[in-house]
Amino acid sequence: MQFNFSSSEKKGLIALIVIIMVLQISIFIVSRQLNSESTISLSDQEHEAFQKQLDSIAALNHSEEFPKPDYSKIDFFEFNPNTVSHSNLLKLGLSGSVANTFISYREKVKPFQTKMDLFKIYGIDSSLVVLLLPYVQIHQLETKQKKQLPISKEPEKVDSLFEFNPNTISLAELRKLSFSEKLANTFINYRDAIGGFKSINQIKNIYGLSNDFFDQLSPYILLPELEKEEAKLIVEINAATATDLILLDGIGEVLSNRIVKYRNYLGGFYSIEQLRRVYGLSETTFEQIKMSLTVDTTLIEAININFAGISELKKLPACNEKIAEQIIENRSKNGAFRNIDQLKLILNEKEFDILKYYLTVK
């Protein structure tokens, strides 16, 4: 009986035979290594049998359909796959791309734990792996230690602590406090951007500084002269800039910009309580800063009620589209408003007490 195979079926059959023979050889090598601490020692007969199997794999795996790499000129040497360099991998017969994959696997996936892990490297020639196996040296203790190393963006524990002024501390001194180079630079840049720290809590706003790290540092942060000024700090919210608002505990760059943006949208604040409507400003932070805030309603940018349209009116506090339409309808029927008190005919007391700050007849 004659069997006809397609090209893809032939390739599949060859691959299957190669895998079976590689597994047989690998089992043989591992069993031999159990009786040896380093390299595998073979008798002349075993060596001859081993070489024949390698030759069989090479013949199957490198037929006319598969280009045959030449490993005969490689000067093999012992190596630890968890520490071997990229250049040495090239010397051991790996291509540049496979060497990159090799290193990425041990760094991003997991360290090599057994010799057989080499077969897991994508793109590596299985016949080359068989040649490399006798030279692989994996130190199990080293592997376990690497697996147990904690991975953290910032140090979990500060080894050396000392008192410091955040407005004068240098980059080198921050590094002594276990700041990474990147975090130390961020610290200095943030300090320069805000013109210096006015409170210890401002340091919490530094990007990349974890709460745990801050808690370890806070007892050693010294701002004696500025803390006295901070106790007297009063911020008028209709004139304050984003930089002024950052001086308040719990207010960072994002929140300070949101407050200013919301104030500009309204035209100003008539009450400190309006800050509760700022997205991201928690009740805890509001209660913490409200005693340091004042509001000057004369700074509100009022709009002329006799020229304002619906879109301008309905964005004001206590004024929805229905109220805006009533104001414009009254203006159309009775003429221009002569004074703001005329709005009492349209609005209830609560609405009038708010809108009187945002409307004018001038």
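Residues numbered from 1 in each chain as written. Predicted model: local features only at pLDDT ≥ 70, side-chain atom pairs only at ≥ 80, totals over all residues. Heavy atoms only, no water.

### Re the overall build of the chain
The helix and strand inventory of the chain stands at 16 helices and 4 strands. Buried residues in the chain amount to 38% of all 362 residues. In the chain, of all internal contacts separated by at least 6 residues, the share reaching a separation of at least 24 is 58%. Total accessible area on the chain stands at roughly 22,000 Å², and carbon and sulfur atoms take up 53% of it. (Helix = DSSP H or I, 4+ residues; strand = E, 2+ residues; numbered from the N terminus. Buried < 20%, exposed > 50% of the residue type's maximum accessible area, 1.4 Å probe, protein only. Contact = heavy atoms within 4.5 Å. Areas by Shrake-Rupley, 256 points an atom, 1.4 Å probe, with all protein chains shown as cover.)

### Let's talk about the packing of aromatic side chains
All chains considered together, the criterion is met by 10 aromatic pairs. With 6.0 Å between their ring centres and 50° between their planes, Tyr 262 and Phe 269 make a pair best called tilted. Judged by relative accessible area, which is 0%, Phe 269 ranks as buried. A ring pair is formed by Tyr 270 and Tyr 357, whose centres lie 5.9 Å apart and whose planes are at 10°; its orientation type is stacked. With Tyr 270 in the loop between helix 12 (253-266) and helix 13 (283-289) and Tyr 357 in the loop between helix 16 (349-355) and strand 4 (359-360), this residue pair connects regions lying 87 residues apart in the sequence. A relative accessible area of 24% means that Tyr 270 is categorised as partly exposed. On the basis of relative accessibility, which here comes to 29%, the residue Tyr 357 falls in the partly exposed class. Ring-pair connections join several aromatic residues into one group, and the members of that group are Phe 179, Phe 187, Tyr 190, Phe 197 and Phe 213. Between Lys 315 and the ring centre of Tyr 265, over which it is positioned, the NZ or CZ distance is 5.5 Å. (Phe/Tyr/Trp six-rings, centres within 6.5 Å; stacked < 30°, edge-to-face > 60°. Lys NZ or Arg CZ within 6 Å of the ring centre and 35° of its normal.)

### Quick notes on unusual backbone geometry
Backbone geometry places Ser 178, a non-glycine residue, at a positive phi of 75°. Mapped onto the secondary structure, Ser 178 falls in the loop between helix 7 (171-176) and helix 8 (181-193). For Ala 318, which is not a glycine, the phi torsion comes out positive at approximately 70°.

### Some thoughts on helix 4 (residues 96-109)
In this model, helix 4 (14 residues) spans 19 Å end to end at C-alpha, consistent with the 20 Å of a helix rising 1.5 Å per residue. All of the buried residues in helix 4 are Val 98, Ala 99, Phe 102, Ile 103, Tyr 105 and Arg 106. For helix 4, the arc enclosing every buried residue in end-on projection is 150°, short of the 170-degree limit, so these residues lie on one face. Among the exposed residues of helix 4, those oriented more than 90 degrees off its buried face are Ser 97, Glu 107, Lys 108 and Val 109. (Expected span 1.5 Å × (residues − 1). Arc of directions from axis to C-beta.)

### Details of a nonpolar patch on the surface
On the surface, a cluster of nonpolar side chains totalling about 330 Å² of accessible area is made up of Leu 13, Leu 16, Ile 17 and Ile 20. Structurally, Leu 16 can be placed in helix 1 (residues 7-33). On the accessibility criterion, Leu 16 (47% relative accessible area) is partly exposed. (Patch = residues over 30% accessible without salt bridge, like charges linked within 9 Å, V, L, I, M, F, W, Y side chains within 5 Å. Salt bridge = Lys/Arg side-chain N within 4 Å of Asp/Glu carboxyl O.)

### Examining the environment of Leu 343
Along the polypeptide, Leu 343 turns up in the loop between helix 15 (321-334) and helix 16. Spatially, the C-alpha atoms of Leu 343 and Leu 355 are 9.2 Å apart, while their sequence positions differ by 12 residues. Those residues in contact with Leu 343 that lie beyond four places of it in its chain are Ile 305, Ile 327, Phe 337, Phe 352 and Leu 359.

### Section: the nonpolar core
One recurring pattern in soluble globular proteins: nonpolar side chains tend to sit buried together. Counting residues in hydrophobic clusters, the biggest one holds 39 residues, and the most contacted among them are Leu 245, Leu 275, Leu 293, Leu 313, Leu 343 and Leu 359. Counting residues per element, the ones that place at least two in this core are helix 11 (242-246), helix 12, helix 13, helix 15 and helix 16. Apart from the residues within four sequence positions on either side, Leu 275 is in contact with Ile 237, Ile 259, Phe 269, Leu 281, Phe 286 and Leu 293. With 23 residues, the next largest nonpolar core counts Leu 94, Tyr 105, Ile 124 and Leu 128 among its residues. (Core = buried A, V, L, I, M, F, W, Y, C linked by side-chain atoms within 4.5 Å.)

### Looking at helix 8
The end-to-end C-alpha distance of helix 8 is 18 Å, a good match for the 18 Å that 13 residues give at a rise of 1.5 Å each. Buried within helix 8 we find Leu 183, Ala 184, Phe 187, Ile 188, Tyr 190 and Arg 191. Within helix 8, the buried residues cover an arc of 165° as seen down the axis, which keeps them to one side. Facing away from the buried side of helix 8, by more than 90 degrees, are the exposed residues Glu 181, Lys 182, Asn 189, Asp 192 and Ala 193. Against helix 7, helix 9 (211-217) and helix 11 lie the buried residues of helix 8. Positioned one or two residues after helix 8, Gly 195 has a phi angle of 75°, which is positive.

### With respect to the pattern of salt bridges
All chains considered together, the criterion is met by 6 salt bridges. Its salt-bridge partner being Arg 276, residue Glu 287 comes within 3.3 Å of it at the nearest N-O pair. Taken together, the residues span a long stretch of sequence, with Glu 287 in helix 13 and Arg 276 in the loop between helix 12 and helix 13 at a distance of 11 residues. Among the residues examined, Glu 287 registers a relative accessible area of 35% and is labelled partly exposed. Among the salt bridges present, the one from Lys 333 reaches Glu 329, with a minimum N-O distance of 3.2 Å. Residue Lys 333 and its partner Glu 329 are located together in helix 15, separated by 4 residues, close to a single helical turn. Here the salt bridges do not stand alone but share partners, grouping Glu 273, Arg 276, Glu 283, Glu 287 and Lys 290 into one network.

On their own, these measurements won't tell you what the molecule is for.
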